[in-house]
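Descriptive analysis of the structure
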Amino acid sequence: MNKLSLSSRRILTVAILLVLVGQACTLSLFETPAIPGSSTPIPVDVVSSPTPQAMAQTNFVVTIPEPLQANETLAIAIMDEVTGLSLNATQFPMSARDSLTYTAVLPLPFNSLVKYRYVRRGASQVLEDTNSSAAIRYRMHLIAGPSEVQDIVSDWGDKSYTRPTGTILGQVFNSDTGSTLPNLLVSAGGQQFITDSLGRFELIGLPIGTQNLVAYSLDGMYQTFEQGATVAAGSTTVVDLRVKPAQIVSVTFTVTVPETTVPGVPVRIAGNILQLGNTFADLQGGISTNTDRMPVLSLQADGRYSATLGLPIGAHIQYKYTLGDGFWNAEHKADGQWNLREFVVPAQDLAVQDSVETWSSGDSAPILFEVAVPSVTPPGDIVYMQFNTFGWMEPIPMWPLGNNRWAYKLYSPLNVLGSFSYRYCRNGQCGSADDGDTVGAAPSGRQASTSILSQDIQDTVNTWKWFENPEPVTLVGSSITARASGFNAGIEFQSSYRPNWSYYAPQAFANIQALGANITVLTPSWTYTSVSPLQFAQIPGQDPMWIDSAIMISQARALGLNVALFPTPNFPASSSTFWLGAPRDAQWWLTWFTRYRAFAINYADLASQTGSQTLILGGDWIAPALPNGKLPDGNPSNPPADVEAQWKSIIADVRTHFKGQILWALPYTKSSLETPLNFLQDVDGLYLLWSASLSSNPSATKTDYSNEAGRLLDNEVAPLASLLSKPLILAVAYPSAAGSANGCVADGKGGCLDWTALDQPSDISSVSLSLQTQADIYEAILTAVNSRPWISGFISRGYYLPAALQDKSASIHSKPAADILWYWYPRMLGIVK
């Protein structure tokens with residue numbers, strides 16, 4: 001228990017830090033902001049940045065798979081993750097030792113963590129990749145003193161090689177307590193893996209030889225660990241890594257900004273750790289930092305900006321000041337070059353005093369964008385700008401003027417733009433919550449050009465896509481029976497994820513609470529990146545990090561909501577493609593169950609450490625792995641003979657990690673209800689995934705829907721509930737689309753769309769929007785549930801967290817169906833009589 005408690009405390013500490021630094025300013029532009037009172041400072045070391053750092057000579061030695069061509073050279077690229085991996089790398093030429101071995105000696109700062117990769121330069125530049133042709137973000141090396149690093153390039157992006165490979169498998173532990181550590185980045189050979197709750201990692205397909213193995217804490221809360229690991233052909237090298245926790249000191253950043261800075265606008269710090277906005281993901285346009293996750297500095301009485309952060313001793317910090325992100329409106333040196341600052345956090349509190357030379361780069365003058373947005377824009381929304389240079393990049397929050405007007409002054413990097421595109425969107429969800437004139441993933445956008453003269457571009461957003469004219473709903477009073485204690489009335493989130501979604505989670509939870517719900521179902525994920533060999537793990541940017549999920553759970557519980565976790569996988573294409581392409585031989589199935597067990601235990605541990613009440617296993621995607629499993633095409637999936645025992649064992653393992661309620665998510669299909677699953681006796685209840693057909697008649701009424709729902713519940717669901725004698729929660733998903741009541745939204749090809757096919761950012765033009773249909777279905781099913789006391793809960797699935805959209809998806813966020821729930825939920829829970 002002590003080990004778990006210590007780990008939980010460290011998670012809570014980082015969660016508090018991340019919540020505090022992620023709060024955005026909502027200052028009105030051009031108004032004089034209030035100046036906070038100053039407090040008496042404690043004695044600290046005062047450092048004026050940049051401070052010269054001692055350098056260590058580091059010799060990089062790399063072996064490449066085949067000799068270079070006559071017109072080719074080799075370089076090592078030192079990466080800048082704060083600006084963007086593809087945007088500001090510094091390349092150094094390497095010298096040939098022989099036809100396959102190259103070296104470069106670089107002076108690098110003591111105690112820094114260098115991120116780098118190799119580049120083949122010829123007619124074009126080709127980056128190295130892994131044996132499975134996956135891109136290498138970067139390798140890592142801790143500069144503890146003069147050293148030699150030996151690397152092996154496995155593949156180039158334009159070529160593949162067949163060579164012997166092996167695997168490194170292991171766990172990471174806290175060296176002081178012995179507890180296992182989640183959310184650490186383990187890297188070797190350019191491959192990266194985020195550890196799960198048991199500290200486990202697996203790096204497969206590594207070239208044979210000695211690999212540089214690094215364990216790195218994304219938030220700096222543990223000291224970086226590095227050692228060599230020998231990889232043998234066809235073998236697995238098992239290693240245990242023990243990392244030491246770091247203590248926290250206060251670091252106060254104080255910065256003087258140029259006189260050209262618009263008064264009162266938010267000044268942020270972009271940096272290389274989680275607390276400074278690094279997502280460790282490949283975001284749009286090649287950047288990794290996200291504005292919404294960065295700390296915002298406070299304006300001081302003397303006109304400078306300041307923020308005090310708790311940072312771990314020994315952490316290598318790279319950072320810059322910005323009015324946008326690490327690329328847009330970030331600080332520059334006087335000569336126009338990027339300014340990336342760095343230091344290593346000392347063992348005592350520190351005061352860093354900086355001065356931004358300029359926000360601009362080149363001769364182009366800043367451009368002021370002003371936009372008027374529709375009056376229906378929700379009052380809590382933030383308007384963002386998105387720029388397109390070499391592709392659409394991450395959206396940047398604008399500055400509020402009041403009266404539905406917003407502004408943003410673009411200073412840099414205008415020297416690289418010329419003509420460029422831009423657009424507006426709500427809550428950073430460009431591609432979903434769009435300006436009606438620039439809709440979708442790849443619009444042409446509005447056009448602008450740089451100039452040596454200042455510009456003031458004034459725009460108007462006439463309509464927001466999917467929020468053109470929000471429809472009200474007429475509520476009809478019903479006689480609603482208050483349910484027994486323990487009834488669940490809640491909302492399940494859409495299973496996709498983007499790093500800036502977590503910023504809008506508190507608002508989403510407040511909206512859910514306002515509906516009268518008593519539970520929210522979070523859907524954290526891992527991603528299948530390969531079918532064979534099977535690879536299933538957390539991918540930054542696609543899956544929420546452990547700490548992100550922990551913060552969201554804390555936010556929900558702070559509002560009095562119970563929390564259920566429903567772990568859900570991501571697939572490169574679809575679950576159908578995954579299963580049909582899987583080998584499904586004995587070894588593959590053994591690996592699949594091992595991976596799913598780790599997945600389930602990871603979220604059991606998260607649920608336990610965060611006080612979540614419920615864990616939901618299973619799901620509709622999992623049917624081929626069940627007894628008598630069938631593939632999406634109807635053929636047998638041939639699961640192993642011990643499949644029932646496998647599931648019973650997984651549930652038993654999960655119970656050793658989580659003492660709360662365990663539900664099994666069972667899709668409502670005739671076959672799933674009729675197929676006996678003995679292991680269901682081992683769970684605490686059913687989470688029935690319901691998208692049943694309620695009528696094929698386009699003229700059907702709410703009464704027709706309700707009668708059919710009642711018939712299905714009585715004839716097909718009640719017998720299973722009675723047999724198991726366990727609680728059953730109805731989890732409902734119906735898109736706001738024509739055909740939804742039929743259980744079949746037409747795909748235009750004679751088939752039916754999966755309900756998740758209409759989740760944002762997708763839109764299928766052949767599908768007709770029908771908000772009223774969804775509202776009618778909800779009212780009808782709730783009416784059926786009202787007269788069946790054996791149903792223990794009602795959950796609305798597919799809630800789109802970051803923005804209110806009246807789109808075709810199953811989300812009820814700000815749709816008429818939400819008004820139905822607002823009426824029903826408090827009465828079902830006995831809050832309103």
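Residues numbered from 1 in each chain as written. Predicted model: local features only at pLDDT ≥ 70, side-chain atom pairs only at ≥ 80, totals over all residues. Heavy atoms only, no water.

Once that is clear, we can look at the packing of aromatic side chains. Within the structure shown, the criterion is met by 55 aromatic pairs. Look at tyrosine 422 and tyrosine 424: their rings are 5.8 Å apart centre to centre, the planes differ by 85°, and that puts the pair in the edge-to-face class. Across the ring face of tryptophan 392, the terminal group of arginine 423 is positioned such that the distance to the ring centre comes to 4.9 Å. Positioned above the aromatic ring of tryptophan 466, the side-chain terminus of lysine 465 is 4.3 Å from the ring centre. (Phe/Tyr/Trp six-rings, centres within 6.5 Å; stacked < 30°, edge-to-face > 60°. Lys NZ or Arg CZ within 6 Å of the ring centre and 35° of its normal.)

So, on to the state of the cysteines. One pass over the structure, following the stated rule, counts 2 disulfides. Between cysteine 425 and cysteine 430 runs a disulfide, and the two sulfur atoms are separated by 2.0 Å. Here cysteine 425 and cysteine 430 share a disulfide; its torsion about the S-S bond, -75°, makes the bridge left-handed. Each disulfide pairs two cysteine sulfurs, and for cysteine 744 the partner residue is cysteine 752, the sulfurs being separated by 1.8 Å. The sign of the -95° torsion about the S-S bond sets the cysteine 744-cysteine 752 disulfide as left-handed. Numbered by position along the chain, the disulfide-linked cysteines of the chain connect as 1-2, 3-4. (Disulfide = S-S within 2.5 Å.)

Strand order in the open sheet formed by 4 strands is E5-E6-E2-E10, and the pairing between neighbours is mixed. Each edge of the sheet is formed by a strand with only one pairing partner; in this case those strands are strand E5 (95–96) and strand E10 (147–152). Two elements, strand E2 (residues 55–63) and E10, share 6 bridges in a ladder whose sense is parallel. Bridge pairing in E10 places valine 62 opposite aspartate 151. (Pairing = 2+ DSSP bridges. Helix = DSSP H or I, 4+ residues; strand = E, 2+ residues; numbered from the N terminus.)

What follows concerns empty space enclosed by the protein. Using a probe with the size of a water molecule, rolled over the atoms, empty space left in the structure can be pinpointed. Following the criterion strictly, the structure yields 7 cavities of 30 Å³ or more and no others. Each pocket or cavity is described by its volume, and for the second largest cavity that value is around 150 Å³. Contributing to the lining of the second largest cavity are 13 residues, with Phe493, Tyr497, Thr523, Pro544 and Met552 lying nearest its centre. Of the residues contributing to the lining of the second largest cavity, the split by class is 8 nonpolar, 5 polar and no charged. (1 Å grid on protein atoms, 1.4 Å probe; cavity = no way out; pocket = protein on both sides within 12 Å on 5 of 7 lines; lining within 4 Å. Points joined across faces, edges and corners; volume = space filled by probe spheres on them. Nonpolar A, V, L, I, M, F, W, Y, C, P; charged D, E, K, R; others polar.)

This part is about the layout of surface pockets. One number sums up the size of the second largest pocket: a volume of about 1,200 Å³. What lines the second largest pocket is a set of 49 residues, among which Gln192, Thr529, Gln535, Gln538 and Ile539 lie closest to the centre. Examining the composition of the lining of the second largest pocket, we find that 6 residues originate from one element, helix H5 (residues 586–610), more than from any other. Residue composition of the lining of the second largest pocket, by class: 23 nonpolar, 18 polar and 8 charged.

With that out of the way, let us pick up the pattern of salt bridges. Taken as a whole and judged by the stated rule, the model has 30 salt bridges. Notably, a salt bridge pairs glutamate 81 with arginine 137, separated by 3.2 Å at the nearest N-O pair. Here glutamate 81, found in the loop between strand E3 (73–78) and strand E4 (90–93), pairs with arginine 137, found in the loop between strand E8 (125–129) and strand E9 (139–142); they are 56 residues apart in sequence, far enough to count as distant. Looking at glutamate 81, the relative accessible area reads 2%, which means it is buried. (Salt bridge = Lys/Arg side-chain N within 4 Å of Asp/Glu carboxyl O. Buried < 20%, exposed > 50% of the residue type's maximum accessible area, 1.4 Å probe, protein only.)

In this section: helix H6 (residues 643–657). Taking 1.5 Å per residue as the helical rise, H6 with its 15 residues ought to reach 21 Å, and the 22 Å between its terminal C-alpha atoms agrees with that figure. Those residues of H6 not exposed but buried are Val643, Glu644, Gln646, Trp647, Ile650, Ile651 and Val654. End-on view of H6: buried residues confined to an arc of 160°, all on one side of the axis. Of the surrounding elements, those touching the buried residues of H6 are H5, strand E39 (614–618) and strand E40 (661–667). (Expected span 1.5 Å × (residues − 1). Arc of directions from axis to C-beta. Contact = heavy atoms within 4.5 Å.)

Here we take up unusual backbone geometry. For the bond running from serine 532 to proline 533, omega is 0°, close enough to zero to count as cis. The topology assignment puts proline 533 in the loop between strand E36 (527–530) and strand E37 (535–537). In this model, glutamine 760 is joined to proline 761 through a cis peptide bond whose omega is 10°. For proline 761, the location among the structural elements is in the loop between strand E44 (752–753) and helix H9 (771–786). A positive phi angle is found at tryptophan 466, which is not glycine, with a value near 70°. With respect to the secondary-structure elements, tryptophan 466 resides in the loop between strand E33 (455–460) and strand E34 (488–493). Take tryptophan 466: its relative accessible area is 8%, and that puts it in the buried class. The backbone of arginine 584 sits at a positive phi, close to 55°, despite the residue not being glycine. Along the chain, arginine 584 turns up in the loop between helix H4 (575–581) and H5.

As for its position among the elements, serine 554 is in helix H3 (residues 546–558). A relative accessible area of 41% places serine 554 in the partly exposed class. Sequence separation between serine 554 and glutamine 806 is 252 residues, and the spatial gap between their C-alpha atoms is 28 Å.

Read across the sheet, 3 strands follow the order E20-E23-E24 without closing on themselves; strand pairing throughout is antiparallel. Whereas interior strands pair on both sides, the edge strands pair on one side only; in this sheet they are strand E20 (268–271) and strand E24 (341–344). Recorded for the sheet is a direction-independent mean angle of 35° between the axes of neighbouring strands. (Axes fitted to C-alpha atoms, helices over the stretch in contact; angles between N-to-C directions.)

A few words now on the packing of H5 against H6. Closest axis-to-axis distance for the H5/H6 pair is 9 Å, and the angle between their directions is 25°. What the angle tells us is that H5 and H6 run roughly parallel. Pair H5 / H6 crosses with right-handed handedness. Residues Trp592, Phe593, Tyr596, Arg597, Ala600, Ile601, Ala604, Asp605 and Ser608 of H5 touch H6, and the partners they reach there are Val643, Gln646, Trp647, Ser649, Ile650, Asp653, Val654 and His657. (Parallel < 35°, antiparallel > 145°, perpendicular 65-115°, else oblique. Left-handed = near helix turned anticlockwise from the far one by under 90°.)

Our next topic: the packing of helix H8 (residues 702–724) against H9. Closest axis-to-axis distance for the H8/H9 pair is 8 Å, and the angle between their directions is 45°. One finds that H8 runs oblique with respect to H9. H8 and H9 meet at a crossing whose hand is right-handed. Residues Lys702, Tyr705, Ser706, Ala709, Gly710 and Leu713 of H8 touch H9, and the partners they reach there are Asp776, Ile777, Glu779, Ala780, Ile781, Thr783 and Ala784.

On to the confidence of the model for the chain. When pLDDT is averaged along the chain, the result is 91; 94% of the residues meet or exceed 70. When the criterion is pLDDT under 50, residues 1–43 qualifies, and its contacts beyond four places in sequence or with other chains add up to 68 contacts. (pLDDT = per-residue confidence, 0-100.)

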